[in-house]
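# Coordinate inspection notes
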Amino acid sequence: MKKIKILLVDDEPDILEFLSYNLVKEGYEVFTASDGAEGIKKAKIEKPDLILLDVMMPEMDGIEACAEIRKIESLKKTLIVFLTARTEEFSQLAGYEAGADDYITKPVKPKVLMSKIKALLRLKSTDEQQQLIELEEFTIDRETYKVTFRDEEFMLPRKEFELIALLASNPKRVFKRDEILEKVWGNEVVVGGRTIDVHIRKLREKFGNDRLSTIKGVGYKLNA
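## A few points about the overall build of the protein chain
- Within the protein chain, the regular secondary structure consists of 8 helices and 12 strands.
- For the protein chain, with 224 residues in total, the buried portion stands at 49%.
- Across the protein chain, the fraction of contacts at a sequence separation of at least 24, relative to all contacts at a separation of at least 6, is 59%.
- Carbon and sulfur atoms make up 50% of the accessible area of the protein chain, which amounts to about 11300 Å² in all.

## Let's talk about the side chain of Asp49
- Structurally, Asp49 can be placed in the loop between α2 (36-46) and β3 (50-54).
- At 2.8 Å, the side chain of Asp49 and the backbone nitrogen of Lys5 are in polar contact.

## Some points on unusual backbone geometry
- For the bond from Lys106 to Pro107, the omega torsion is -5°, close enough to zero to count as cis.
- Among the structural elements, Pro107 can be located in the loop between β5 (102-106) and α5 (110-124).
- In this model, Glu59 sits at a positive phi of 70°, which is unusual for a non-glycine residue.
- Backbone geometry at Tyr145 places phi at a positive 60°, although glycine is not the residue there.
- Position of Tyr145 among the secondary structure elements: in the loop between β7 (138-141) and β8 (146-149).
- Residue class for Tyr145 comes out buried when judged on its relative accessible area of 4%.

## Observations regarding the packing of helix α7 (residues 177-185) against helix α8 (residues 195-207)
- With their axes 11 Å apart at the nearest point, α7 and α8 run at an angle of 80° to one another. Put simply, α7 runs roughly perpendicular to α8. Here Arg177, Ile180, Leu181 and Trp185 of α7 come into contact with α8, specifically with Thr195, Ile196, Asp197 and His199.
- Classifying every residue of the contact of α7 with α8 gives 4 nonpolar, 2 polar and 2 charged.

Cut-offs used in this document
- Residues numbered from 1 in each chain as written.
- Predicted model: local features only at pLDDT ≥ 70, side-chain atom pairs only at ≥ 80, totals over all residues.
- Heavy atoms only, no water.
- Helix = DSSP H or I, 4+ residues; strand = E, 2+ residues; numbered from the N terminus.
- Buried < 20%, exposed > 50% of the residue type's maximum accessible area, 1.4 Å probe, protein only.
- Contact = heavy atoms within 4.5 Å.
- Areas by Shrake-Rupley, 256 points an atom, 1.4 Å probe, with all protein chains shown as cover.
- Polar contact = N/O pair within 3.5 Å; in protein donor to acceptor, adjacent residues only side chain to side chain.
- Axes fitted to C-alpha atoms, helices over the stretch in contact; angles between N-to-C directions.
- Parallel < 35°, antiparallel > 145°, perpendicular 65-115°, else oblique.
- Nonpolar A, V, L, I, M, F, W, Y, C, P; charged D, E, K, R; others polar.

Listed below in structure tokens is the structure:
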């Protein structure tokens with residue numbers, strides 16, 4: 001069975017060594033880089049399934065590196081998780097807009113990290129479901145991660161894409177908040193209570209308020 005490839009990008013040697021040891025012990029194939037630019041180069045060569053990316057690094061920080069990685073066609077489906085210290089000024093929204101799938105705070109606890117990785121990889125496997133969703137105004141292509149709305153193409157951050165794809169998989173059905181969290185973020189992934197609301201707001205900015213309805217106390221649905 002093909003090993004899952006993980007690229008670890010951090011400018012602290014001790015963290016690289018500690019996380020590499022734990023990831024290899026879990027059976028992952030691990031590659032490392034000490035800054036954002038080196039991380040991009042290694043990502044192009046190794047095409048990892050997942051990248052653990054430190055936010056604060058010299059020369060090129062994690063946000064910038066993530067945005068650059070998301071421009072590379074061969075890495076469109078690569079999962080990206082930010083590593084950030086609790087004391088750092090880090091905007092989760094900025095991270096998600098750059099194309100990140102999730103984040104984890106330092107100091108990293110191996111059990112929490114492994115749980116999060118497994119949850120994200122499980123979500124990635126759902127890409128094998130219906131590849132093309134065609135509605136009256138929307139076309140959602142899971143293969144290319146493109147959304148077409150009224151003949152205009154959108155390349156969305158991964159979580160926005162997964163959210164709109166889930167809602168579009170059954171138009172007019174109300175998806176409960178717990179179900180959305182489980183299917184888009186994974187039931188082992190801890191996210192803030194407002195995470196769904198923030199992503200719904202970003203989708204409304206792109207596609208209009210009337211396309212996504214909030215059912216108070218229940219969840220959301222797509223009007224298509």
